[in-house]
Amino acid sequence: MEFLPIRAYDNYLVANMRLTMLQNENIVCYLKDEYTLTIDPLMNIALGGMNLMVSAIQFSRAEEILEQADTNYLLTIPCPHCGDSTIQKQSETIIYTNFKDRLKSMLLTGTTQKVNSFYRCSNCRKQFKELPPEDQ
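Source: prediction; values computed, not measured.

K.L.:
Account for the overall build of the chain, naming residues and giving values.
P.N.:
Across its full length, the chain holds five helices and six strands. In the chain, the succession of α and β elements from N to C terminus is β-α-β-α-α-β-α-β-α-β-β. Expressed as lengths along the three principal axes of its C-alpha atoms, the size of the chain is roughly 45 × 45 × 30 Å. Looking at the 136 residues of the chain, the share that counts as buried comes to 26%. Residue pairs at least 24 apart in sequence account for 60% of intrachain contacts in the chain once pairs closer than 6 positions are excluded. Total accessible area on the chain stands at roughly 9500 Å², and carbon and sulfur atoms take up 53% of it. In the chain, which carries 13 positive and 16 negative side-chain charges, the distance between the mean positions of the two groups comes to 10 Å.

K.L.:
Let's hear about the packing of aromatic side chains: which residues, and what values?
P.N.:
The tally for this structure, following the rule as stated, stands at one aromatic pair. Seen from their ring centres, Phe3 and Tyr30 are 5.2 Å apart, and the 75° between their planes marks the pair as edge-to-face. Taken together, the residues Phe3 in strand 1 (residues 3-9) and Tyr30 in strand 2 (residues 29-32) connect sequence positions 27 residues apart. When its relative accessible area of 36% is taken as the criterion, Tyr30 is described as partly exposed.

K.L.:
I'd like a description of the nonpolar core, backed by residues and values.
P.N.:
What tends to happen in soluble globular proteins is that the nonpolar side chains get buried as a cluster. Counting residues in each nonpolar core, the largest one holds 15 residues, and the members touching the most others are Ile6, Leu22, Ile27, Cys29, Leu52, Val54 and Ala62. At the level of elements, strand 1, helix 1 (12-24), strand 2, strand 3 (50-55) and helix 4 (59-74) are the ones that each hand at least two residues to this core. Core analysis: the second largest hydrophobic core is formed by seven residues, Ile77, Cys79, Ile87 and Phe128 among them.

K.L.:
So, a nonpolar patch on the surface: which residues are in play, and what are the values?
P.N.:
A grouping of Phe99, Leu103, Leu107 and Leu108 is seen on the molecular surface, where their side chains present a nonpolar patch of about 510 Å² in accessible area. Along the chain, Leu103 turns up in helix 5 (residues 99-109).

K.L.:
I'd love a proper account of the sheet that holds strand 3, names of residues and values included.
P.N.:
The three strands are arranged 1-3-2 in an open sheet whose pairing can be described as antiparallel. Two strands lie at the open edges of the sheet, namely strand 1 and strand 2, each paired on one side alone. Across the sheet, the mean angle from the axis of one strand to that of its neighbour is 30°, orientation sign disregarded. Note: strand 1 against strand 3, six bridges, orientation antiparallel. For Ala8, the partnering residue across the bridge sits in strand 3 and is Asn51. The sheet contacts of helix 1 involve strand 1, strand 2 and strand 3, and relative to strand 2 the element is tilted by about 165°.

About the criteria used
Residues numbered from 1 in each chain as written. Predicted model: local features only at pLDDT ≥ 70, side-chain atom pairs only at ≥ 80, totals over all residues. Heavy atoms only, no water. Helix = DSSP H or I, 4+ residues; strand = E, 2+ residues; numbered from the N terminus. Buried < 20%, exposed > 50% of the residue type's maximum accessible area, 1.4 Å probe, protein only. Contact = heavy atoms within 4.5 Å. Areas by Shrake-Rupley, 256 points an atom, 1.4 Å probe, with all protein chains shown as cover. Lys, Arg positive; Asp, Glu negative; His and termini not counted. Charge placed at Lys NZ, Arg CZ, Asp CG, Glu CD. Phe/Tyr/Trp six-rings, centres within 6.5 Å; stacked < 30°, edge-to-face > 60°. Core = buried A, V, L, I, M, F, W, Y, C linked by side-chain atoms within 4.5 Å. Patch = residues over 30% accessible without salt bridge, like charges linked within 9 Å, V, L, I, M, F, W, Y side chains within 5 Å. Salt bridge = Lys/Arg side-chain N within 4 Å of Asp/Glu carboxyl O. Pairing = 2+ DSSP bridges. Axes fitted to C-alpha atoms, helices over the stretch in contact; angles between N-to-C directions.

Dropping the structure here:
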């Protein structure tokens, strides 16, 4: 059976919650490098986190489940500026075109492109790098 990485986590608890969520939906999956990173968290950068591996056959269904869970979670967080619960996760991909930037990115990250993820309120259009704290 072929497995594909669907998400990477640096937090053991979040990784296991997502694993359990998929297993409850009868998705065949496991956490790659879970034990190594639990014993030695400093290896996180070298290994790229705990990879949630999913059966290739069930990949699209697993992606739907995780996306829906993320969307449902974001609906519970009010925007600190307007108070509306319409925060959405967005991302932009930067593809390096000149040789120097491509080489630098390849050496540092292993890829020639960069994906920036951020959150934006649909109501007031404010942008956040991280989610606001839950106590607000």
